[in-house]
Amino acid sequence: MNKISINAQGISEFTLIPNTFIDKFLPSANGAYVKVYLYLLRCFSGSCREVTISSIADCLDNTEKDIIRALNYWEKLNLLSLTRNIRKEITEITLVDIRHADTSTNTPPGQLAERVSRTAELTNSDSELDEIAVSIHTETKPVQRQSYPPEKIAQMSNNDEIKWCMHIVEIYLDRPLKPMDVQLILYLYEELHFSAELIMYLYEYCVSKGKKNTSYIEAVALTWAEEGIDTEEKAKEAAASYNEHFNAVNRAFGMNRSPGQIERQYIKKWVEVFNFPDDIITEACNRTLLRTQKPDFKYTNKILETWFKKGVKDQADIIRLDEEFTKSNHTHKTQKVTPIGKPSNNKFNQFPQRTYSAKDYADLERKLLNKGL
């Protein structure tokens, strides 16, 4: 996880909370978002000027996606600005002087409250599952795609298939195509060798998730290309398949949220590497809850890793392993019990034992009687 540098404008060395933030932004903001903003204020006022999304999530007992969602929320309200690298990773967070934020002074209170509420609604609607239902990989390699000159665009646009594709994409986006849209469509068709049908389904899929920005659509397309998804049918099958896996884990753990990035990596490993069906994964999740009382993906991974090494293929194999474990445990306990009649290892018994005859008892009795006289 990359480190993120934090800067600020107009904030002192103390952790001060501007009254404007309390009056105008705090009432309508999600409590988790407020915690992230306050934590950033504390980081800047203290000695910690470099953090990671992971470190913030650990400190606030939240998921990395929740932290990113909170940062995006405050960015939309102009309380901070985010700098990202080519891989869309956040590399810098700048806390804007709230006195200079355009929403703090120029917007009427009623409109500001409406804007804050609308921003929260849009931010909360971002679903981790939606963003990765087909794209299982958490990292997309940056690709330097070529820029098509006007002559090339005009030449390719004469293709009836591309013409129809662009027309359908305009309908999905509900707006005229921008130059970047045209460039992407031509790249998908020319370089990734996507058919017109697959391109149209790609836009249909992304728009259905509320995602219309070019970078998101390109990221999904690159992942499809890496996974060998080259037809509309394969894309639909992949979407349905991984939605089922995510839903199975959610039901087993009783989660009302979508899996985070690290959690998706675990699920991907269980499905693609271990090749376990959903019922085996569900059984491991159930045992995790019974043991840890919480949805612990690491603990579940240990269970499934053990089953994988022992060749588990179905529920019968799990029952067999359970019986073997119970039998082995019982045998181990039995071996620890000291057999009846066998001398104990107690140190007080570690001396030679004597045997007495009838004559010995008679002599001892006589000595006692004589002593008594």
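Just so we're clear, the structure is a prediction, and the values are computed from it rather than from any experiment.

Parameters and conventions
Residues numbered from 1 in each chain as written. Predicted model: local features only at pLDDT ≥ 70, side-chain atom pairs only at ≥ 80, totals over all residues. Heavy atoms only, no water. Pairing = 2+ DSSP bridges. Helix = DSSP H or I, 4+ residues; strand = E, 2+ residues; numbered from the N terminus. Patch = residues over 30% accessible without salt bridge, like charges linked within 9 Å, V, L, I, M, F, W, Y side chains within 5 Å. Areas by Shrake-Rupley, 256 points an atom, 1.4 Å probe, with all protein chains shown as cover. Salt bridge = Lys/Arg side-chain N within 4 Å of Asp/Glu carboxyl O. Buried < 20%, exposed > 50% of the residue type's maximum accessible area, 1.4 Å probe, protein only. pLDDT = per-residue confidence, 0-100. Contact = heavy atoms within 4.5 Å. Phe/Tyr/Trp six-rings, centres within 6.5 Å; stacked < 30°, edge-to-face > 60°. Axes fitted to C-alpha atoms, helices over the stretch in contact; angles between N-to-C directions. Parallel < 35°, antiparallel > 145°, perpendicular 65-115°, else oblique. Left-handed = near helix turned anticlockwise from the far one by under 90°. Nonpolar A, V, L, I, M, F, W, Y, C, P; charged D, E, K, R; others polar.

This part takes up the pairing of strand S4 (residues 90-95). As defined by bridge partners, strand S3 (residues 80-84) adjoins S4 across 5 bridges and the pair is classed as antiparallel. Its bridge partner being in S4, leucine 80 is matched across the sheet by leucine 95. Between S3 and S4, which pair antiparallel and follow one another directly, the connecting turn spans 5 residues, one of which, lysine 88, has a positive phi of 70°.

Nonpolar side chains collect at one region of the surface, where Ile17, Ile22, Leu26 and Leu38 lie side by side and expose about 280 Å² of accessible area between them. Here isoleucine 17 lies in the loop between strand S1 (4-8) and helix H1 (19-25). Residue classification places isoleucine 17 among the partly exposed residues on the basis of a relative accessible area of 37%.

The next point concerns the confidence of the model for the protein chain. Of the residues in the protein chain, 75% have a pLDDT of 70 or more, and the chain-wide mean is 77. Below pLDDT 50 for its whole length, residues 102-142 participates in 100 contacts with residues either more than four positions away or in separate chains.

So, about the packing of aromatic side chains. Under the counting rule described, the total for this entry stands at 14 aromatic pairs. A ring pair is formed by tyrosine 266 and tryptophan 270, whose centres lie 6.1 Å apart and whose planes are at 25°; its orientation type is stacked. Here tyrosine 266 and its partner tryptophan 270 are both found in helix H14 (residues 261-273), 4 residues apart, which amounts to about one turn of the helix. We note that tyrosine 266, like tryptophan 270, is buried. Their ring planes at 10° and their centres at 5.9 Å tell us that tryptophan 270 and phenylalanine 297 sit as a pair that is stacked. Of this pair, tryptophan 270 sits in helix H14 while phenylalanine 297 sits in helix H16 (residues 297-309), and the two are 27 residues apart along the sequence. Taking the relative accessible area as the measure of exposure, tryptophan 270 reaches 0% and is therefore buried.

Another aspect to go through is the packing of helix H15 (residues 278-292) against H16. Following both chains from N to C, one finds H15 and H16 inclined at 130°, their axes separated by 9 Å at the closest point. Here H15 lies oblique to H16, going by the angle between them. As for how H15 packs across H16, the hand of that crossing is right-handed. Packed against H15, whose contacting residues are Ile280, Ile281, Glu283, Ala284, Cys285, Arg287, Thr288, Arg291 and Thr292, the element H16 presents Tyr299, Thr300, Ile303, Leu304 and Trp307 at the interface. Residue composition of the contact of H15 with H16, by class: 8 nonpolar, 3 polar and 3 charged.

In the structure shown here, the tally under the stated rule is 11 salt bridges. Taking the shortest distance from any N to any O, the salt bridge between arginine 287 and aspartate 322 comes out at 2.7 Å. Taken as a pair, arginine 287 in helix H15 and aspartate 322 in helix H17 (residues 315-336) lie far apart in primary sequence, 35 residues in all. Residue classification places arginine 287 among the partly exposed positions, given a relative accessible area of 26%. Looking at aspartate 322, the relative accessible area reads 30%, which means it is partly exposed. With a shortest N-O distance of 3.7 Å, aspartate 317 and arginine 320 are connected by a salt bridge. With aspartate 317 and arginine 320 both in helix H17, this residue pair falls 3 residues apart, about one helical turn.

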